[in-house]
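# Structural characterization, general
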Amino acid sequence: MEFNPDWWKGADKQGELTKQGHVVKNWKSRWFILKNNKLFYFKPTSSNTYDLEQPKGMIQLKDCSITKLNRAAGTKGYTLELVSSLDNKTFYISALSEYELDEWIKALKNGAAYEACSEPRRVTHKVHVKVDDRGSLVGLPPEFEKLLQGSGITLDEAQANPREVVHALDFQRGYQTNPELKGRPETPLTLEDLISHEDPTNIYSDFKKIGQGALEKYMSPLVNGQEIKWPSKKCR
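Every residue gets a number counted from 1 within its own chain, in the order that chain's sequence is written. Note on the predicted model: pLDDT of at least 70 is required for a residue's local features to be given, and 80 or more for side-chain atom pairs to be given and counted; whole-chain, interface and lining totals, by contrast, use all residues. Think of the side-chain values as coming from all heavy atoms in the structure, minus any hydrogens and water.

Right, let's talk about the overall build of the chain for a bit. Elements are defined by DSSP. Helices are runs of H or I of four residues or more, strands are runs of E of two residues or more, and each kind is numbered from the N terminus. Broken down by element type, the chain carries six helices and 13 strands. Counting the 236 residues in the chain, one finds 26% classified as buried. Contact criterion: two residues are considered in contact whenever any of their non-hydrogen atoms come within 4.5 Å of each other. When contacts within the chain are restricted to residue pairs at least 6 apart in sequence, those whose partners lie at least 24 apart make up 37%. For accessible areas, the Shrake-Rupley method is used with a probe of radius 1.4 Å. Any residue's cover is judged against the shown protein chains and nothing else. Just so you have it, the chain exposes about 17,000 Å², and 49% of that area is on carbon and sulfur atoms. Buried residues are those whose accessible area, probed at 1.4 Å on protein chains only, stays under 20% of the maximum for their type, while exposed residues exceed 50% and partly exposed ones sit between those limits.

The next subject is the environment of Trp27. Considering the arrangement of structural elements, one finds Trp27 in strand S2 (residues 27–35). Residues Trp27 and Ser94, 67 residues apart in the sequence, show an inter-C-alpha distance of 8.8 Å.

Below, the discussion takes up the pairing of strand S3 (residues 38–42). Along S3, four of the five residues are buried, which leaves the element largely enclosed by surrounding structure. In the sheet, S2 pairs with S3 via five bridges, with the strands oriented antiparallel. Note on S3: the bridge partner recorded for Phe32 is Tyr41. Two strands pair under a simple rule: DSSP has to find at least two bridges between them.

Each strand in a sheet pairs with another by means of backbone hydrogen bonds, the pair being arranged parallel or else antiparallel. If you walk across this open sheet you meet the seven strands as S4-S3-S2-S1-S7-S6-S5, and the pairing is antiparallel. Each edge of the open sheet carries a strand with a single partner, namely strand S4 (57–60) and strand S5 (65–68). Strand-to-strand twist across the sheet, computed as the mean angle between neighbouring axes with direction ignored, equals 35 degrees. Sheet topology note: the S3/S4 ladder contains four bridges and is antiparallel. Pairing of Tyr41 across the sheet is with Gly57, part of S4. Note on method: axes are straight lines fitted to C-alpha atoms, helices fitted across the in-contact stretch only, with angles between N-to-C directions ranging 0 to 180 degrees.

With that out of the way, let us pick up the nonpolar core. Within the largest apolar cluster, 19 residues are counted, with the highest numbers of intra-cluster contacts made by Leu39, Leu61, Leu80, Leu82 and Leu108. Where this core is concerned, the elements lending two or more residues are S2, S3, strand S6 (78–84), strand S7 (89–95) and helix H1 (98–112). For this core, the element with the most residues is H1, which contributes five residues. Discounting chain neighbours no more than four positions away, the residues touching Leu80 are Ile66, Thr67, Lys68, Leu69, Phe91, Tyr92, Ile93, Leu101, Ile105 and Leu108. The definition of a nonpolar core used throughout is a set of buried Ala, Val, Leu, Ile, Met, Phe, Trp, Tyr and Cys residues joined through side-chain atoms within 4.5 Å. Grouped together as the second largest cluster of nonpolar side chains are six residues, Phe3, Trp8, Ile33 and Met58 included.

Now for the environment of Tyr114. Along the polypeptide, Tyr114 turns up in helix H2 (residues 114–117). The spatial distance from the C-alpha of Tyr114 to the C-alpha of Lys62 is 7.8 Å, given a sequence separation of 52 residues. Setting aside anything within four residues of it in sequence, one finds Tyr114 in contact with Asn36 and Asn37.

This brings us to the pattern of salt bridges. Criterion for a salt bridge: a side-chain nitrogen of Lys or Arg within 4 Å of a carboxyl oxygen of Asp or Glu. In this structure the tally under the stated criterion is three salt bridges. Between Lys68 and Asp102 there is a salt bridge; the shortest N-O distance is 2.9 Å. Separated by 34 residues along the polypeptide, Lys68 in strand S5 and Asp102 in helix H1 bring together distant segments of the chain. A relative accessible area of 37% places Lys68 in the partly exposed class.

Time to look at the packing of aromatic side chains. Pairing of aromatic side chains here covers Phe, Tyr and the six-membered ring of Trp, requires ring centres within 6.5 Å, and sorts the geometry by plane angle: under 30 degrees stacked, over 60 edge-to-face, intermediate tilted. As enumerated under the stated definition, the model contains six aromatic pairs in all. A centroid spacing of 6.3 Å and a plane angle of 85 degrees characterise the contact between Phe3 and Phe40, whose relative ring orientation is edge-to-face. Placement of Phe3 in the segment before strand S1 (13–20) and of Phe40 in strand S3 is noted, with a sequence separation of 37 residues between them. Across the pair, exposure class does not vary: Phe3 and Phe40 are buried alike. For the pair Phe32 and Tyr41, a centre-to-centre distance of 5.8 Å together with 40 degrees between the ring planes defines the contact as tilted.

Remember that the coordinates give geometry; whether it matters functionally is a separate question.
Below, the structure written as structure tokens:
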């Protein structure tokens with residue numbers, strides 16, 4: 001089996017332990033790396049270092065049982081028994097101290113329960129939409145059809161850009177189901193909110209006279225020589 005080094009990148013826990021062989025029941029030092037719900041172990045090289053590019057093996061921790069053994073049972077040092085139901089194997093792993101063994105047992109049990117407490121993943125919808133002979137979109141999920149009906153997207157727009165419509169509906173569905181946004185009250189805007197009260201002379205430098213009052217003249221700002229619309233503002 002080929003292993004990808006990314007599988008154990010950013011290890012949850014790692015260190016040197018002793019493992020009993022399955023065929024020859026001797027004990028050998030191995031470097032163990034725990035990542036999520038998988039435990040990788042590596043054998044030493046001839047120079048007594050560890051080659052961390054390719055592991056000797058991998059233990060799947062999902063639904064496994066981990067038991068701390070009594071030293072009187074004839075095991076080596078401080079030992080745990082790990083029964084992997086997915087691998088259909090029993091592993092015996094030993095540490096140099098009881099504290100180290102307890103720390104590994106705690107980490108391995110967390111790894112065994114990884115899927116139950118991991119972060120939820122965002123589901124990507126693979127939607128294949130096409131336009132049928134009648135000009136209708138075919139292949140939309142039911143929840144997207146409801147969003148389309150109330151989206152304001154015209155049939156011509158949907159027919160011309162089916163992929164973009166699906167992306168827009170998926171974004172809208174994500175917005176509506178986001179717990180941080182769902183139920184947030186909308187603050188209605190008033191005309192006062194939309195009108196800028198800043199003196200236009202602080203923004204524009206070119207103006208055109210559009211009227212004259214008794215005490216003031218009315219000016220309209222120009223941008224590139226073009227008059228733009230601005231809420232009525234008297235400029236001295």
